[in-house]
Amino acid sequence: MDGAATLGFACRQESTVLADLYQQAPLRILMPAAADIGVALGVVVVTSGGLVGGDNLDIAVRCGNGSRAMVCAQAAEKVYRSAGPDCHVAVSLEAGGNAWLEWLPQETILFEGARLRRQTTVDAVPSARVLAGEILVFGRRARGERFTRGHLFDRWQVRRAGRLAWADALRLDDPEAAFASPACLAGLAAVATLIYVDATEGAALDVARAIAEPLSTAGVEFAATVVGGVLIARWLAADAHVLRLAFGRFWAMFRHRIAGLPPVLPRLWSI
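Basis of the calculations
- Residues numbered from 1 in each chain as written.
- Predicted model: local features only at pLDDT ≥ 70, side-chain atom pairs only at ≥ 80, totals over all residues.
- Heavy atoms only, no water.
- Helix = DSSP H or I, 4+ residues; strand = E, 2+ residues; numbered from the N terminus.
- Rg over C-alpha atoms; globule rule 2.2 N^0.38 Å.
- Buried < 20%, exposed > 50% of the residue type's maximum accessible area, 1.4 Å probe, protein only.
- Contact = heavy atoms within 4.5 Å.
- Lys, Arg positive; Asp, Glu negative; His and termini not counted.
- Charge placed at Lys NZ, Arg CZ, Asp CG, Glu CD.
- Salt bridge = Lys/Arg side-chain N within 4 Å of Asp/Glu carboxyl O.
- Core = buried A, V, L, I, M, F, W, Y, C linked by side-chain atoms within 4.5 Å.
- Phe/Tyr/Trp six-rings, centres within 6.5 Å; stacked < 30°, edge-to-face > 60°.
- Lys NZ or Arg CZ within 6 Å of the ring centre and 35° of its normal.
- Polar contact = N/O pair within 3.5 Å; in protein donor to acceptor, adjacent residues only side chain to side chain.
- Expected span 1.5 Å × (residues − 1).

A. Region of the structure containing the overall build of the protein chain. Along the protein chain, the regular secondary structure elements total three helices and 17 strands. Taken against the 2.2 N^0.38 rule, which gives 18 Å for 271 residues, the C-alpha radius of gyration of the protein chain at 18 Å falls within 12% of a compact globule. In terms of principal-axis extent, the alpha carbons of the protein chain reach across some 55 × 40 × 35 Å. By the burial criterion, 52% of the 271 residues in the protein chain qualify as buried. For the protein chain, the proportion of contacts with a sequence separation of at least 24, taken over those separated by at least 6, is 73%. If the 27 positive side-chain charges of the protein chain are averaged to one point and the 26 negative ones to another, these points end up 2 Å apart.

B. The arrangement of the pattern of salt bridges in detail. According to the stated counting rule, one finds ten salt bridges in the structure shown. Of the charged contacts, one joins Arg149 and Glu112 as a salt bridge, the two residues approaching to 3.9 Å between their closest N and O atoms. Linking Arg149 in the loop between strand S12 (129-138) and strand S13 (151-160) with Glu112 in the loop between strand S10 (107-110) and strand S11 (115-124), this pair joins segments that are 37 residues apart in sequence. Close ionic contact of Arg171 with Asp173 constitutes a salt bridge, the shortest N to O distance being 3.0 Å.

C. A look at the nonpolar core. The biggest cluster of nonpolar side chains holds 49 residues, and the ones touching the most others in it are Trp103, Leu110, Phe138 and Ile195. Residue contributions to this core peak at five residues, all from strand S8 (residues 87-95). For Leu110, the residues in contact, after removing those within four places along its chain, are Val79, Leu116, Leu136, Val137, Phe138, Gly139, Glu145, Phe147 and Leu152. The next biggest cluster of nonpolar side chains, apart from the first, holds 45 residues, and it includes Ala190, Leu231, Trp251 and Phe254.

D. Focus on the packing of aromatic side chains. The final tally for this structure, using the stated rule, is twelve aromatic pairs. On the numbers, 5.6 Å between centres and 40° between planes, the contact of Phe222 with Phe250 is tilted. In this pair, Phe222 sits in strand S16 (residues 220-227) while Phe250 sits in helix H3 (residues 240-259), placing the two residues 28 residues apart along the sequence. According to the relative accessible area criterion, Phe222 is partly exposed, its value standing at 29%. You can call Phe250 buried: its relative accessible area is 2%. The ring of Phe153 carries the charged tip of Arg171 above its face, separated from the ring centre by 5.2 Å.

E. Spatial organisation of the side chain of Asp86. Note on placement: Asp86 falls in the loop between strand S7 (77-79) and S8. Residue class for Asp86 comes out buried when judged on its relative accessible area of 17%. Within the local environment of Asp86, its side chain forms a polar contact with the side chain of Arg115, the two groups lying 2.6 Å apart. Apart from the residues within four sequence positions on either side, Asp86 is in contact with Gly53, Gly54, Asp55, Arg115, Arg117 and His151.

F. Expanded view of H3. Under the 1.5 Å per step criterion, the end-to-end length of H3 is 28 Å for 20 residues, consistent within 8% with the ideal 28 Å. For H3, the capping residue at the N-terminal end is Asp239, with a side-chain oxygen 2.9 Å from the backbone nitrogen of His241. Just downstream of H3, Gly260 is the residue with a positive phi angle, here 70°.

Read these as geometric descriptors, not functional statements.
The following block contains the structure:
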């Protein structure tokens, strides 16, 4: 199964409008009205209901000069057990001059035996601002399932004006050993990452730490830093639901404090 989607936004008369749209099943793009979040909204839907070995998804989002948009997922993405092949996901995010782009995921749930290779690439000009993230859930803990067999290779690359600013990768070839090690994942159920690309990253780090402290939740570890001009924040937790709540609250407050946008997420985030 090979799915593809391209979504482009442009600024016309101080309003953000849809400029480009391409979709190939099982990927679909919805454009619901979302005045409450303060920017244009695009929603990515995977109509197959999940990914299996051999699937390929390619998603490209472009925010033209001066446009402001959020792109989010309709629901958590399930990666099912594979008989051998990997599934591949490529996400490309581009932001032009003075653009604001948010890439807000819901969880990626790795079933026992899942095999996922994902690449997320951000390319922003110096005056653009990009807020992006991901949540990884290791197994379905409510039914007693853990991610002990399978493969994960999850990579990020951030480029500013075409130059590499930050790169990161998480690779699990032996998940059971990684979760058993106190120096690695130590039995955690979920990990979340948020990045923010902006010319004033120092101020963003202060904002992130100021927001996180009063929102701190028992059982959730949080840390933030700046590398290569990119703010990186991470959450770790033994309870995926608690981590999701902490991640969502932080995102809402951060977009408000850093960009003056309403401190809310799309309604589908809570469905």
